[in-house]
Structures are given as structure tokens and as C-alpha cells.
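For reference, the chains in residue letters:
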Amino acid sequence: MQTLYDLWKPLDAKEKAGEEPTIEEIGVNNTSQQFFWGKRSKELLSQVHEDLQAVFNLFITRTKQDCTIMPSTIRTIEDQIQFVKKGTSKTFKSRHLFKMAVDSCPLKNGKIDWHDLKPFNEMNDLIQECADELGIKIRQGRTFHDHPHNELLKSVYPDTDDVLNELRRRGLIK
Ligand SMILES: [Zn+2]
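So, a few notes on the structure that sits alongside this text. (Residues numbered from 1 in each chain as written. Predicted model: local features only at pLDDT ≥ 70, side-chain atom pairs only at ≥ 80, totals over all residues.)

1. Some points on the sheet that holds strand β2 (residues 101-106)
Pairing is antiparallel in the open sheet, where four strands are placed in the order β1-β2-β4-β3. Only two strands of the sheet have a single partner each, and these edge strands are β1 (67-69) and β3 (138-140). Neighbouring strand axes in the sheet, compared pairwise and without regard to direction, differ in orientation by 30° on average. Pairing between β3 and strand β4 (residues 149-152): three bridges, direction antiparallel. Considered in β4, the bridge of Arg139 is made with Glu151. Set on the sheet, helix α6 (residues 117-134) makes contact with β1, β2, β3 and β4; between it and β2 the angle comes to about 135°. (Pairing = 2+ DSSP bridges. Helix = DSSP H or I, 4+ residues; strand = E, 2+ residues; numbered from the N terminus. Axes fitted to C-alpha atoms, helices over the stretch in contact; angles between N-to-C directions. Contact = placed C-beta atoms within 7 Å.)

See the structure below:
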């Protein structure tokens, strides 16, 4: 059986290949039970659609567990080609290319436990709650077994022509 960890191993390895984030960067602040996005998570979030930023910035003020934004949130078309090759992603038209998706994970002592879905579900319940409260329509990856993934609903936030045209130009989509 393919586990979440198997599915995301390439991303995890990619992240591990870089510098290990410090506790400060991850944003752990155990004394107040209030969490903050770390430096790297903030940089990634700042690049996505402002409505997604609003959801995740409300989320972090309410979460009871620390969470991190994954580097896979921001992708180039080259990255996406690699993801499809590895089987991590099934489509070239990833919502990540349009800056309309975020991959986030709960952290336990600064680490991601890919085998425990409970923290992922708690994180996603709260993300959905924050989106509902802000009136922002999202689609959750857990409905298709991609628990770190949340995206803006395509019918409300359609794919944009700049990326679609580039994908067509490269012959990746029709
Ligand atoms: Zn994703």
C-alpha cells in the first residue's frame, strides 16, 4: 500500500537536501501556544494568491499544533515536469503553477509524521473553517488523498491564460 510518505518522499528529500530549518525558522513558540509562520513558510505564502494567504494567515493564529508550508507550494513548469515523471503529480495543469494552491504539513517536535493522518485532518478541518469564515471557496486535497494540499476552487478562481499559454507552447497540454 502506498502511504502518504511514499507519495511525498521526493519532496521531503528535496527539502532535506537544503539547509535544515532552525526551530526559530519553523516558528515554534511553545510558551504561549501561539504559532507563527517561519521565515521560509512566510516567503512561500507571500507568493500565492492573496485569498489563500488570508486563509493561512488566519489559520496560523488559531492552530493548536505547529505547521509548515512545504517548498512544493511554489513550482516552476520544470518542477512540475519532474513531479509528473516521478508520479508525485498526475497533471501538468497543477494549481500550484497558477499560485492557487498551498501544501502544508503539521509538525510534531519540528518533524512531519507522514504516517499519522490525525494531525493532517485537524489541520485541514481548521483550514476549511477559516476559509468558510472568510467566504473563500477552497478544495481540499484530502478528498483525493493528498492531505498537505489545499487549493482555491477552480470554478471561482479559474486557471490563468499566462500559464496555460506557456504549457500549450511547450506542448504539455492541448
Ligand atoms: Zn499540492
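Read on, since the account is not over.
2. A short note on the nonpolar core
Core analysis: the largest hydrophobic core is formed by 29 residues, its most contacted members being Leu52, Val55 and Phe56. Looking at this core, the elements with two or more residues in it are α3 (39-45), α4 (50-62), β1, β2 and α6. Residue contacts for Val55: discarding those within four places in its chain leaves Ile127, Cys130, Ala131, Leu134, Ile136 and Ile138. (Core = buried A, V, L, I, M, F, W, Y, C linked by C-beta atoms within 7 Å. Buried ≥ 20, exposed ≤ 12 C-beta atoms within 10 Å, placed from the backbone.)

3. Concerning helix α7 (residues 161-169)
Burial within α7 is sparse, with just zero of its nine residues counted as buried. Gly171, located one to two residues past α7, shows a positive phi value of around 75°.

4. So, the pairing of β2
β2 sits mainly inside the fold: six of its six residues count as buried. When β1 meets β2, the two strands line up antiparallel, connected through three bridges. Of the residues in β2, the one forming a bridge with Ile69 is Ser104. In this sheet, β4 lies alongside β2 in antiparallel orientation, the contact comprising three bridges. Within the sheet, the bridge partner assigned to Ala101 lies in β4 and is Glu151.

5. Side note on the environment of Leu44
Looking at where Leu44 falls in the secondary structure, it is placed in helix α3. The contact partners of Leu44, leaving out residues within four places of it in the chain, are Ile69, Pro71, Thr73 and Ile74.

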